[in-house]
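Residue-level structure breakdown
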Amino acid sequence: MAFYDRYSLMGTSFCVPSTPHLANQGSDEPHLLLWNEWLAARLNIPLEKQDAGQLLSGQTVLEGASPVALAYSGHQFGHFNPTLGDGRAHLIGSFDDALGNSFDLQLKGSGATAFSRGGDGLCALGPAVREFVMSQAMRALGVPTTDCLAVVATGQQVYRNTMLPGAVVCRVASSHIRVGSFQYLALHQDIDGLHKLMEMAIARYYPHITEQGDERVLAFLKVVCEQQITLMIHWLRVGFIHGVMNTDNTLVGGETIDYGPCAMLESFSFEQVFSSIDKQGRYAFGQQPQIASWNCARLAESLIGLMEAEESQAVTQLSDVLTVFSHSFNKQYQAMWASKLGILAWQEEDNALLSELLSTMKANQLDYTNTFAALTNSLLEHPMACFSIPETLNAWYQKWLRRIAEFERNLVLQTMQSANPTLIPRNGLMEQVIADYYKEGKSDLLTQWLPLLNDPYKYQELAAFYTTSSDNEDNYQTFCGT
Ligand code: AMP
Ligand code: MG
C-alpha cells in the first residue's frame, strides 16, 4: 500500500508513533457499515471496499503504514490547553491522488494514545454516522471539508452514560495542520518546527507564495485568513453551525473538520446555538466569522517567532494582516447575500431590504433554507409546489420582486439557484438516521436520503419529510467528544 509519513520530519514529540489497538472484546466481528464509493474513486485511495471492514477497524495495522498521533495545543472555548493532540485518532499515513495532491488517512475512535488524558480513545456509532453524513452533505453543498471514507462497527461497546456500540471513522483530509499545531510548536519555542510546518502547509496549499523572509510569513497568515473567510461565508450561506470552533479544530487549509456537535440552522436566528456546552453562545451561528478571526489571531501570535523583525515591529506587521480580515469579510459577506437574493449589483438601499427580510424571518421563525429556496423557486417557469413564499413575507416579497426586475431574470435565477440549496442535512432526520443505526445497524432512511443530499441544488419536487424544520428544535442539543 502506497502510504507514506509526511509528519515524521517534525520529530517524535510532535508526531508520536502510535498503533491503533482496539482489542475485540465484543461478540461481533468488526464490519463495514458505511463506505464512500465516490471518494475512494476520486482520490484513488489505495484500499478496497471488501478489505475495509478489517483494515479500518483499528484492530489490525495496515501493511506498510507507520501510524502516529499528532500533538497540538488549542484554545477551547477561549481557554488555552497546552497539550491536546490526537487522543482518539491515529494518522495511518499519507497518500497521493492521481494529480499528486497529498491526503492523510486517519482513523478516529481507534484506541487511546499518549494524548488521551484519561479518555478511552473510542468513538460511539452515532457520532461516527453523523460525521459520515454531514461531511458528505457539506461537500455536495460546495463547502470546503474533510471527508469520511468509511465507518466500521468495531463490535466493541463504548460507555457514554450507557453502553453503546463502538465505531471507527476513517477520515480523509488534505492535511491535519491546525492552528493548534502552530500553537504547540510556538509554546515549545520550536522555531525549526514552526518553519517546517509552515513550509509543509505552503507546499500543500499555497505554493503560489514566493515571498521570502518576513514577507513569506505575512503572506502565509494572509492566505490562511482568506481561506477562513471563504469557509465562514460558505457556512453562513448554507446555515451550518460548527459548534466547537476551537483552534485545534481549525485547519490552516481552510476545510471544515470535526463534525462533533455540529448542526444545521433551521429557524433563522444569528444567535442559534445547539451545543450543550456552549452556554455563552460563543459559537452561535452568527458569531462564527468573529471566532474565525480570533482563531487567526492565535495563529498570528504563534508565527511571531518566525519573524526576523524586532518583536514590536513583527507584532504590528502581523496585526496589520489581521485588520484586513474584517474588511475582506464584509465584502464577501455582502456578495453572499447578493447572490442569495439575486441582486446582481448591490446598492446601499439593499442593506435595508436584507435587514427587513432577516428580521421578518427571525420574528416568524421562518426556515432559513426553505425561505431562500422559495424565493428562488418563485422565479422558475414551473415552480415546485414544495416551496412557497410564507404569508408573513408577502409585503417584503413584492418589494424584492420590484428590485430584481432591474436585472436579467435568467441571470438572477442562475445566481440564486447556485447559492440556495433546496436540501440540507436537517437535524431531525440526522437523529433518525443515528437512531436507525443504533437499533438496526443500518438505515433505510439514509439509503433514500443520501442521493438527495448529494444533489442539494436541484430544484425538484421534494417530499415535505425532507424539507420540514425539526419539530423540537427549541430542545435540540448536540454533544462534544462523544
Ligand atoms: P474534539 O472536541 O473532538 O475536537 O476533541 C478535543 C480533544 O479531546 C482532542 O484532543 C481529542 O483527541 C480529545 N478527545 C475527545 N474524545 C476523546 C476520547 N473519547 N478519548 C480520548 N481523547 C478524546
Ligand atoms: Mg478536534
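Here is a short report on the structure shown in this document. (Residues numbered from 1 in each chain as written. Chains lettered and ligands numbered in written order. Predicted model: local features only at pLDDT ≥ 70, side-chain atom pairs only at ≥ 80, totals over all residues. Heavy atoms only, no water.)

Notes on the overall build of the protein
For the protein, the helix and strand inventory stands at 15 helices and 11 strands. Taken over the C-alpha trace, the protein has a radius of gyration of 23 Å; the compact-globule value for 482 residues is 23 Å, and the two agree within 12%. For the C-alpha atoms alone, the extent of the protein along its principal axes is close to 65 × 60 × 45 Å. Residues classed as buried in the protein amount to 59% of the 482 residues present. (Helix = DSSP H or I, 4+ residues; strand = E, 2+ residues; numbered from the N terminus. Rg over C-alpha atoms; globule rule 2.2 N^0.38 Å. Buried < 20%, exposed > 50% of the residue type's maximum accessible area, 1.4 Å probe, protein only.)

Some remarks on the side chain of Asn370
In this fold, Asn370 is placed in helix α10 (residues 368-377). By relative accessible area, which is 18% here, Asn370 ends up buried. In this structure Asn370 touches Phe387, Arg426 and Thr467, once residues within four positions along its chain are discounted. (Contact = heavy atoms within 4.5 Å.)

Focus: the coordination of the magnesium ion (ligand 2)
The magnesium ion (ligand 2) binds to the protein through Asn249 (OD1) and Asp258 (OD); the donor distances cover 1.9 to 2.2 Å. Since its relative accessible area comes to 10%, Asn249 is described here as buried. (Donors = N, O, S within 2.8 Å, 3.2 Å for Na, K, Ca; no water.)

What about the site of ligand 1?
Close to ligand 1 lie 18 residues; Gly85, Gly87, Asp120, Gly121 and Asp258 are nearest. Separating a nitrogen atom of ligand 1 from a backbone N or O atom of Leu122 is a distance of 3.5 Å. Asn249 places a polar side-chain atom, nitrogen or oxygen, 3.1 Å from an oxygen atom of ligand 1. Here ligand 1, which alone exposes 480 Å², has 86% of that area covered by the protein. When its residues are assigned to classes, the shell around ligand 1 shows three nonpolar, eight polar and seven charged. Split by domain, the shell around ligand 1 shows at least three residues from each of two domains, domain 1 (8-173) and domain 2 (179-339). (Near = heavy atom within 4 Å. Polar contact = N/O pair within 3.5 Å; in protein donor to acceptor, adjacent residues only side chain to side chain. Areas by Shrake-Rupley, 256 points an atom, 1.4 Å probe, with all protein chains shown as cover. Nonpolar A, V, L, I, M, F, W, Y, C, P; charged D, E, K, R; others polar. Domains from an automatic or database assignment.)

Some remarks on the packing of aromatic side chains
One pass over the full model with this rule turns up 22 aromatic pairs. Judged by centre distance (5.1 Å) and plane angle (65°), the ring pair of Trp235 and Phe240 falls under edge-to-face. In terms of burial, Trp235 and Phe240 fall into one category: buried. Put simply, the rings of Phe268, Phe270, Phe285, Phe329, Tyr333, Trp337, Tyr368 and Phe372 pair up and form one aromatic cluster. One Lys or Arg, Arg204, reaches over the ring of Phe103 and ends 5.1 Å from the middle of that ring. Arg282 extends its terminal NZ or CZ atom over the ring of Trp294, reaching a point 4.7 Å from the ring centre. (Phe/Tyr/Trp six-rings, centres within 6.5 Å; stacked < 30°, edge-to-face > 60°. Lys NZ or Arg CZ within 6 Å of the ring centre and 35° of its normal.)

What about the pairing of strand β8 (residues 147-159)?
Buried residues dominate β8, accounting for 11 of its 13 residues. Relative to β8, strand β2 (residues 31-35) runs antiparallel, the two being bridged by four bridges. By the bridge assignment for β8, Leu32 is matched with Val152. As paired strands, β8 and strand β9 (residues 163-173) are joined by nine bridges and run antiparallel to one another. Considered in β9, the bridge of Asp147 is made with Val172. In textbook terms, the turn of a hairpin is the stretch between consecutive antiparallel strands, and for β8 and β9 this stretch comprises three residues, one of which, Asn161, has a positive phi near 70°. (Pairing = 2+ DSSP bridges.)

Points about unusual backbone geometry
Although it is not a glycine, Arg117 sits at a positive phi angle of roughly 45°. Take Arg117: it is sitting in the loop between β7 (102-108) and α3 (125-140). For Gln365, which is not glycine, the phi torsion reads 50° and is therefore positive. Along the chain, Gln365 turns up in the loop between α9 (350-363) and α10. Looking at Gln365, the relative accessible area reads 54%, which means it is exposed.

Concerning the state of the cysteines
Evaluation of the coordinates by the stated rule reveals zero disulfides. As a non-bridged cysteine, Cys170 has Cys148 as the owner of its nearest cysteine sulfur, 7.1 Å distant. Its relative accessible area of 0% is what places Cys170 among the buried residues. (Disulfide = S-S within 2.5 Å.)

A closer look at the environment of Leu149
With respect to the element layout, Leu149 can be found in strand β8. The class of Leu149 is buried, set by a relative accessible area of 0%. On a C-alpha basis, the gap between Leu149 and Leu105 in space is 8.9 Å, while along the polypeptide they are 44 residues apart. Once you skip the residues sitting within four places of it in the chain, Leu149 turns out to touch Leu34, Trp35, Asn36, Leu39, Ala40, Ile45, Leu47, Leu56, Leu105, Phe132, Cys170 and Val172.

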